[in-house]
Each structure stands twice: as structure tokens, then as C-alpha cells.
Amino acid sequence: MPAEHILVLGGTSLARDLADALIGRGFQTTTSLAGVTRAPVLPQGCVRQGGFGGVDGLIRFLRQEEIAAIADATHPFAAQISAHASAAATATSVPYLRLEPPPWTAGSRDKWLSVTSVAAAAEALPCHARVLATIGRKEIGRLFARSDLTGIARMIEPPAGSLPESWKVLLSRPPFSVESETALFRVHDLTHVVAKNSGNQTGFAKFVAARELGLSVVLIDRPKKPDAPTAATVDDLLKLLYKALWA
Ligand code: NAP
């Protein structure tokens, strides 16, 4: 059985699934979390929290912990840590692999507009839109700054700063069902969804509900991540890992 030490870059449910699968295959794992969520759901194996201190700090960590490979299962919008991990992997000749679901694509009945940033999403919304925003807390201020908008900002941790009277914060974790999303849209009489194109199945129900109710979706495209062997599922990532370590 393999006992190689794999660094899982986490902060997603896929990363937890991956760590569990690696442990099941006899690997040693350390899952790294940014440390921004107060009560994260933890995977099996070792867990460390907090930044590494840039590329150099990550290089030191890889050497100290004798990491055999990096499995980057961070959120598709966490661009900086992936860039750092790719650079540190190159510097240490450690394989760097990514686990990332493919982006969502619109069906013929969906009313989706793709934009490249949260700022562009804020600009794209029509006057007096009533919005479900699922973009996290870091950039939610860009929507709050539009005084004509109202809505629900759904996130895991509350945002910093004051909340405009016209918005409610809903602290909640996926998965959500089509039924609960439909009820949310109806109760608050919402007109738009603003979301990041994470591709995560646990977040897809809102698009099905939006389609059925005729709501418009403003979807933020993913930032560019470094080129790397990438798998969409845990099983495929394990195949890439075996190939990188032993082929
Ligand atoms: P980011 O902009 O890519 O990274 C900012 C800095 O945070 C990195 O340079 C690194 O600090 C530290 N960091 C980020 N992820 C880390 C990890 N897994 N382990 C150790 N350090 C980490 O990241 P972000 O967009 O703020 O996301 C932070 C975390 O939240 C990620 O782990 C991501 O998976 C999760 N998350 C992000 C989103 C999103 O929309 N961005 C959504 C859901 C979950 P150092 O340079 O000091 O190493």
C-alpha cells in the first residue's frame, strides 16, 4: 500500500472527498485550509490551517513534510493559491495536479449572462433587480454598493462591514434542493441570481429553479489557473496521481 504524503489544497467539499479517498488507498494526507472559515467541515487525515507565506513558504513546507505530490482541490476562483502551488511544485519537482469540476453551461431554456468579474456582474444587473447572490463575502460589497438593488446574500461566513437595509444575509452551506431554491425565489420575489461558475453539483439546484421560474442568471467566469493535469472527479484524480508517482 502507498504511504506517500500528499498535500491536498482544500476549502471545498471535493477536497474532503479526495482526502477521504486518498486515506482509503493508504496514502498519508495533509489537507491545507486557508483558515478563513471559523468552523470548517474537516476531512480525514492531517489538517493544517492558514497561508504558507507565499511561494517560498510553500516550498519550505513541501520539503519539510516530504510531500510526494500536490493535489489542488481548491475552489476554481481561488487563483492565487493555485498559482503559488504550481510555482512551488515546479521549483521542487513535486507533481502538481488539479481536481476541478468542469464549468456549468447554459441549456436552451436558461437565461444566463456570462461576465468576467463581480464588478461586471454588478454593472450588468438592471435597475431595482431583486437578487440572490452566492458569490461569497469577499466581494459582495460591489453589489451592496448599488443602492437600487435588493436581495439575499447567501454565504457561509458573514461579510465584514455594515449591511445595507435592502439586503439580508443568509448563512447557509450547500447542498440545496430545487424545492428549497424555488421556495426562496418565490418568498422573496427574486428576479436575478448572481453566482460564480464553480461547476460544483451541490450548487446547481438554483439554476434549475431559476430556469423553471424564468429568473435571469448573471454568471461570473472562472479566473485563469496555471496549466496542470486536471481531473473532474476524485476517481480520475487518483488515476492521474498514480501515473504521476509511478508510471
Ligand atoms: P486565494 O485568493 O487563491 O489565496 C489567497 C491566499 O490565501 C493564498 O496566497 C494563500 O496564502 C492562502 N490560501 C488560500 N487557500 C489556501 C489553502 N487551501 N491552504 C493554505 N493557504 C491558502 O484564495 P481565496 O479565493 O481567498 O480562497 C481561500 C480558500 O477558500 C481556498 O482554499 C478556497 O478553496 C476556498 N474557497 C474559495 C472560494 C472563492 O470563491 N474564492 C469559494 C469557496 C471556497 P499564502 O500566500 O500565505 O500561502
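Residues numbered from 1 in each chain as written. Predicted model: local features only at pLDDT ≥ 70, side-chain atom pairs only at ≥ 80, totals over all residues. Heavy atoms only, no water.

K.L.:
What's the story with unusual backbone geometry in this structure? I'm lost.
P.N.:
A negative phi angle characterises most non-glycine residues, just as the trans form characterises most peptide bonds. The omega torsion of the bond from Pro174 to Pro175 falls at 10 degrees, within 30 degrees of zero and hence cis. Positive phi is not limited to glycine here, since Glu66 has a value of about 50 degrees. Within the secondary structure, Glu66 sits in the loop between helix 2 (54–64) and strand 4 (67–72). With a relative accessible area of 65%, Glu66 lands in the exposed category. In this structure, His128 takes a positive phi of about 65 degrees despite not being glycine. If you trace the backbone, His128 turns up in the loop between helix 4 (118–124) and strand 7 (130–134). (Helix = DSSP H or I, 4+ residues; strand = E, 2+ residues; numbered from the N terminus. Buried < 20%, exposed > 50% of the residue type's maximum accessible area, 1.4 Å probe, protein only.)

K.L.:
Explanation requested: the sheet that holds strand 12 (residues 230–231) in the structure shown.
P.N.:
Across a sheet, strands are paired by hydrogen bonds formed along the backbone, either parallel or antiparallel in direction. With respect to topology, six strands assemble into an open sheet ordered 3-2-1-4-5-12, the strand pairing being parallel. The open sheet has two free edges, formed respectively by strand 3 (46–49) and strand 12, since each of these has just one partner strand. Pairing of strand 1 (residues 5–9) with strand 4 involves five bridges; the strand directions are parallel. Residue pairing across strands places Leu7 opposite Ile70, the latter belonging to strand 4. The strands touched by helix 1 (residues 13–24) within the sheet are strand 1, strand 2 (28–33), strand 4 and strand 5 (96–99), with strand 1 carrying the most contacts at an inclination of about 170 degrees. (Pairing = 2+ DSSP bridges. Contact = heavy atoms within 4.5 Å. Axes fitted to C-alpha atoms, helices over the stretch in contact; angles between N-to-C directions.)

K.L.:
Would you explain the pairing of strand 4 in this entry?
P.N.:
The side chains of a regular strand alternate between the sheet's two faces. Counting buried positions along strand 4 yields six of six residues, so the element is predominantly enclosed. For strand 4 and strand 5, the ladder comprises three bridges, and the chain directions are parallel. Paired with Asp72 across the bridge in strand 5 is Arg98. Taking the sense of rotation as the criterion, the β-α-β connection linking strand 4, helix 3 (residues 79–92) and strand 5 turns out right-handed. (Right-handed = clockwise from strand over helix to strand, strands pointing away.)

K.L.:
Teacher, can you tell me more about the sheet that holds strand 9 (residues 167–171) here?
P.N.:
Overall, parallel pairing links the six strands, which are arranged 6-11-10-7-8-9 in an open sheet. On the outer flanks of this sheet lie strand 6 (111–115) and strand 9, each paired with one strand and no other. Ignoring strand direction, the axes of neighbouring strands in this sheet form an average angle of 20 degrees. Here four bridges tie strand 7 to strand 10 (residues 192–196), and the two strands are oriented parallel to one another. Bridge pairing in strand 10 places Val131 opposite His192. Set on the sheet, helix 7 (residues 205–213) makes contact with strand 6, strand 7, strand 8 (150–155), strand 10 and strand 11 (216–220); between it and strand 10 the angle comes to about 155 degrees.

K.L.:
Explanation requested: the environment of Ile135 in the structure shown.
P.N.:
Within the element layout of this structure, Ile135 appears in the loop between strand 7 and helix 5 (141–144). Take Ile135: its relative accessible area is 3%, and that puts it in the buried class. Taking the C-alpha atoms as reference points, Ile135 and Leu237, separated by 102 residues in sequence, lie 26 Å from one another.

Such coordinate-based values are descriptive only and should not be taken to indicate function.
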